[in-house]
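Spelled out from the first residue to the last, the chains are:
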Amino acid sequence: MFTGIITAIGTIKTVTPRAGGVALAVDASALDLTDVTLGDSIALNGCCLTVVAQQAQTLVFDVSAETLRCTAGFPAGGRVNMEKAMRLSDRLGGHLVSGHVDGVGRIVQLTALEAAPGESEAACNYLLEIEAPESLMRFIAPKGSLTVHGVSLTINAVTGNRVAINLIPHTFVATTFSSLKAGDAVNLEIDLIARYVAQLLDRA
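What counts as what
- Residues numbered from 1 in each chain as written.
- Predicted model: local features only at pLDDT ≥ 70, side-chain atom pairs only at ≥ 80, totals over all residues.
- Heavy atoms only, no water.
- Helix = DSSP H or I, 4+ residues; strand = E, 2+ residues; numbered from the N terminus.
- Buried < 20%, exposed > 50% of the residue type's maximum accessible area, 1.4 Å probe, protein only.
- Contact = heavy atoms within 4.5 Å.
- Areas by Shrake-Rupley, 256 points an atom, 1.4 Å probe, with all protein chains shown as cover.
- Lys, Arg positive; Asp, Glu negative; His and termini not counted.
- Charge placed at Lys NZ, Arg CZ, Asp CG, Glu CD.
- Core = buried A, V, L, I, M, F, W, Y, C linked by side-chain atoms within 4.5 Å.
- Pairing = 2+ DSSP bridges.
- Axes fitted to C-alpha atoms, helices over the stretch in contact; angles between N-to-C directions.
- Polar contact = N/O pair within 3.5 Å; in protein donor to acceptor, adjacent residues only side chain to side chain.
- Disulfide = S-S within 2.5 Å.

A. Spatial organisation of the overall build of the protein chain. Along the protein chain, the regular secondary structure elements total 3 helices and 12 strands. Overall, the C-alpha framework of the protein chain stretches about 55 × 45 × 35 Å when taken along its three principal axes. Per-residue burial for the protein chain yields a buried fraction of 41% across its 204 residues. Contacts in the protein chain between residues at least 24 apart in sequence constitute 67% of all its contacts with a sequence separation of at least 6. Surface summary for the protein chain: the accessible area is close to 10,400 Å², and the carbon and sulfur share equals 54%. In the protein chain, 14 side chains carry a positive charge and 19 a negative one; their mean positions are 4 Å apart.

B. Summary view of the nonpolar core. Within the largest apolar cluster, 27 residues are counted, with the highest numbers of intra-cluster contacts made by Leu128, Val148, Leu167 and Phe177. Excluding its chain neighbours within four sequence positions, the residues that come into contact with leucine 128 are Ile107, Gln109, Leu110, Leu153, Val163, Ala164, Ile165, Leu167 and Phe177. Counting 21 residues, the second-largest nonpolar core is a separate cluster that includes Ala8, Leu44, Leu59 and Val63.

C. Representation of the sheet that holds strand β9 (residues 145-148) within the structure. Here 6 strands make up a closed barrel; going around it, the order is β7-β8-β11-β10-β9-β12 and the pairing antiparallel. Along the sheet, successive strands turn relative to each other by an average axial angle of 45°, direction set aside. By the bridge criterion, 4 bridges tie strand β7 (residues 103-112) to strand β12 (residues 185-190) in an arrangement that is antiparallel. Note that in β12 the partner of glycine 103 across the bridge is leucine 188.

D. Seen up close, the pairing of strand β5 (residues 58-64). In terms of burial, β5 is largely enclosed, as 5 of its 7 residues are buried. Of the pairings in the sheet, the one linking strand β2 (residues 21-27) to β5 comprises 7 bridges and is antiparallel in character. When the sheet's bridge partners are listed, leucine 24 is paired in β5 with phenylalanine 61. Hairpin connection, strand β4 (residues 47-55) to β5: the antiparallel pair is bridged by 2 residues, and alanine 56 has positive phi, about 55°.

E. How the structure looks around the side chain of serine 98. Relative to the elements of secondary structure, serine 98 occurs in the loop between β6 (79-84) and β7. Judged by its relative accessible area of 12%, serine 98 falls in the buried class. In this structure the side chain of serine 98 is engaged in a polar contact, spanning 3.2 Å, whose partner is the backbone nitrogen of histidine 100. Setting aside residues up to four positions removed in sequence, serine 98 forms contacts with Met1, Phe2, Cys48, Glu189 and Leu192.

F. Summary view of the state of the cysteines. Counted according to the given criterion, the structure contains 0 disulfides. Note on cysteine 70: no disulfide assigned, nearest cysteine sulfur contributed by cysteine 47 at a separation of 9.0 Å.

G. Structural context of the side chain of aspartate 191. You can see aspartate 191 is positioned in the loop between β12 and α3 (192-203). Engagement of the side chain of aspartate 191 in a polar contact is seen with the backbone nitrogen of isoleucine 193, the distance being 3.1 Å. Contacts of aspartate 191, omitting those with residues within four sequence positions, involve His95 and Ser145.

H. Just the sheet that holds β4, in detail. On the basis of which strands lie adjacent, the closed barrel formed by 6 strands has the order β1-β2-β5-β4-β3-β6 and antiparallel pairing. Pairs of neighbouring strands in the sheet enclose a mean axial angle of 45°, with direction left out of account. Where strand β3 (residues 41-44) and β4 come together, 4 bridges link them in antiparallel fashion. Across the sheet, residue isoleucine 42 finds its bridge partner in β4, namely leucine 49.

I. Region of the structure containing the pairing of β3. Here β3 folds back onto β4 in antiparallel fashion, the turn holding 2 residues, of which asparagine 45 has a positive phi close to 50°. Inspection of the sheet shows β3 paired to β6 by 3 bridges, in the antiparallel sense. When the bridges of β6 are listed, leucine 44 appears paired with methionine 82.

Right under this line is the structure:
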């Protein structure tokens with residue numbers, strides 16, 4: 001399990017084809033690796049992956065063909081949001097995130113909002129609008145939670161299959177959102193509570 005609070009940004013160094021998928025070598029030098037061991041779970045852009053090898057500051061992950069099919073992908077040179085699996089003693093600063101991607105959305109716009117009087121442009125918020133798959137919309141509600149590329153976010157508004165989210169400056173610069181643009185694909189994970197409530201209602 002994860003919280004959706006990003007602790008580091010990594011860079012994919014190499015993508016090596018393997019039987020049934022690929023191996024990712026990720027520069028994780030920005031992540032605290034003192035307690036990372038083989039077999040640990042780390043979320044990359046919201047996708048829970050297992051550490052299969054470590055070479056100094058580089059972590060290696062096996063990614064199956066099914067995972068590649070269900071996510072926005074992991075291109076060589078790409079930047080990825082990273083979060084180590086939570087411990088039971090950790091604060092839950094975001095919301096409960098499983099690390100299982102439910103679908104891929106597409107950014108419609110990522111626009112800087114006007115800074116408040118007296119504030120610099122670096123302090124402005126950003127409007128993130130995402131077009132989500134129709135199949136996920138029943139789980140998405142205003143003021144609810146949505147994980148986007150591994151980041152726990154609060155939904156501001158929902159119109160049709162478009163989701164509007166306000167990004168504070170810290171979230172924008174501490175994640176890969178600062179390098180994303182309209183048209184880019186992003187991994188989405190719906191809220192766990194919404195998932196189980198929907199299943200209960202379907203069986204009622």
